[in-house]
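Each chain, written out:
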Amino acid sequence: MAGIEEEQHHVKFIEETGTFGKENTINIQKLSQWSLQAHLGFLKLNHSYEICLSLDNPMTKDNSRWLANDSTSKTYSSVKCCETEDTKINLHIILRAGKPKLMKELIKLTCSTDSSVHLEITLLARVLGKGQGTPMLKDGIHCIGAEVDEEAEASDWQGFD
């Protein structure tokens, strides 16, 4: 069978965009001039995260700054830093995923020149419970800590003798 040419099979992948799959960025939706929704993706139960958001400043003509009032519940998040630039608001938020399923956390920012003006940012995330895997974090989200599962550590079982 020396006369039969051997075929070589090669798989070729064409990279058009240079990235694999969808973008891994935090999706921010503008609900109104003073209300935004940030979709954070998947988080892990009993883990703490630092989230960095860059938002459009609705008051670009004014020299006012935004002051953080922290979250309304104050149990799961706190605003670490709020910097106002001409067209952007840079937020650094500490968030703790304290309960499984859908997490909805509201953060209010107050205008420094007019305390009646508020910017509301709703953080949405799906929190994975124990045994549901480890999520791939979106760009701008960093895990900064995890709580030890007390039930797993509290066992009085001594093992086999």
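Residues numbered from 1 in each chain as written. Predicted model: local features only at pLDDT ≥ 70, side-chain atom pairs only at ≥ 80, totals over all residues. Heavy atoms only, no water.

Student: For the packing of aromatic side chains, give the residues involved together with the corresponding values.
Tutor: Within the structure shown, the criterion is met by one aromatic pair. Ring centres of tryptophan 34 and tryptophan 66 lie 6.2 Å apart, and the angle between their planes is 55 degrees; this geometry places the pair in the tilted category. Of this pair, tryptophan 34 sits in the loop between β1 (27–32) and β2 (35–44) while tryptophan 66 sits in strand β4 (residues 66–71), and the two are 32 residues apart along the sequence. Judged by its relative accessible area of 29%, tryptophan 34 falls in the partly exposed class. (Phe/Tyr/Trp six-rings, centres within 6.5 Å; stacked < 30°, edge-to-face > 60°. Helix = DSSP H or I, 4+ residues; strand = E, 2+ residues; numbered from the N terminus. Buried < 20%, exposed > 50% of the residue type's maximum accessible area, 1.4 Å probe, protein only.)

Student: Tell me about the environment of leucine 102, and name the residues and values.
Tutor: By the secondary structure assignment, leucine 102 is in strand β7 (residues 101–111). Residues leucine 102 and leucine 124 lie 22 residues apart in sequence; the distance between their C-alpha atoms is 7.3 Å. Excluding its chain neighbours within four sequence positions, the residues that come into contact with leucine 102 are Ala125 and Arg126. (Contact = heavy atoms within 4.5 Å.)

Student: With reference to specific residues and values, describe the pairing of β2.
Tutor: Burial analysis of β2 places seven of its 10 residues in the buried class, the great majority of the element. Pairing of β1 with β2, which is carried by five bridges, proceeds in the antiparallel orientation. For isoleucine 28, the partnering residue across the bridge sits in β2 and is alanine 38. Following β1, the chain reverses through two residues before pairing antiparallel with β2. Relative to strand β8 (residues 118–128), β2 runs parallel, the two being bridged by eight bridges. Residue pairing in the sheet places leucine 43 in a bridge with valine 127 of β8. (Pairing = 2+ DSSP bridges.)

Student: Kindly report on the confidence of the model for the protein chain, identifying the contributing residues and their values.
Tutor: Here the protein chain averages 79 in pLDDT, while 73% of its residues score no lower than 70. Within the protein chain, β2 carries the highest mean pLDDT (93), whereas helix α1 (residues 150–153) carries the lowest (57). (pLDDT = per-residue confidence, 0-100.)

Student: Could you give an account of the environment of aspartate 56, with specific residues and numbers?
Tutor: Along the chain, aspartate 56 turns up in strand β3 (residues 47–56). The exposure class assigned to aspartate 56 is exposed, which follows from its relative accessible area of 57%. For the pair formed by aspartate 56 and isoleucine 89, sequence separation is 33 residues and the distance between their alpha carbons is 6.2 Å. Ignoring any residue separated from it by four or fewer positions in sequence, one finds aspartate 56 in contact with Thr87, Lys88 and Ile89. Side-chain polar atoms of aspartate 56 contact the side chain of lysine 88, separated by 2.8 Å. (Polar contact = N/O pair within 3.5 Å; in protein donor to acceptor, adjacent residues only side chain to side chain.)

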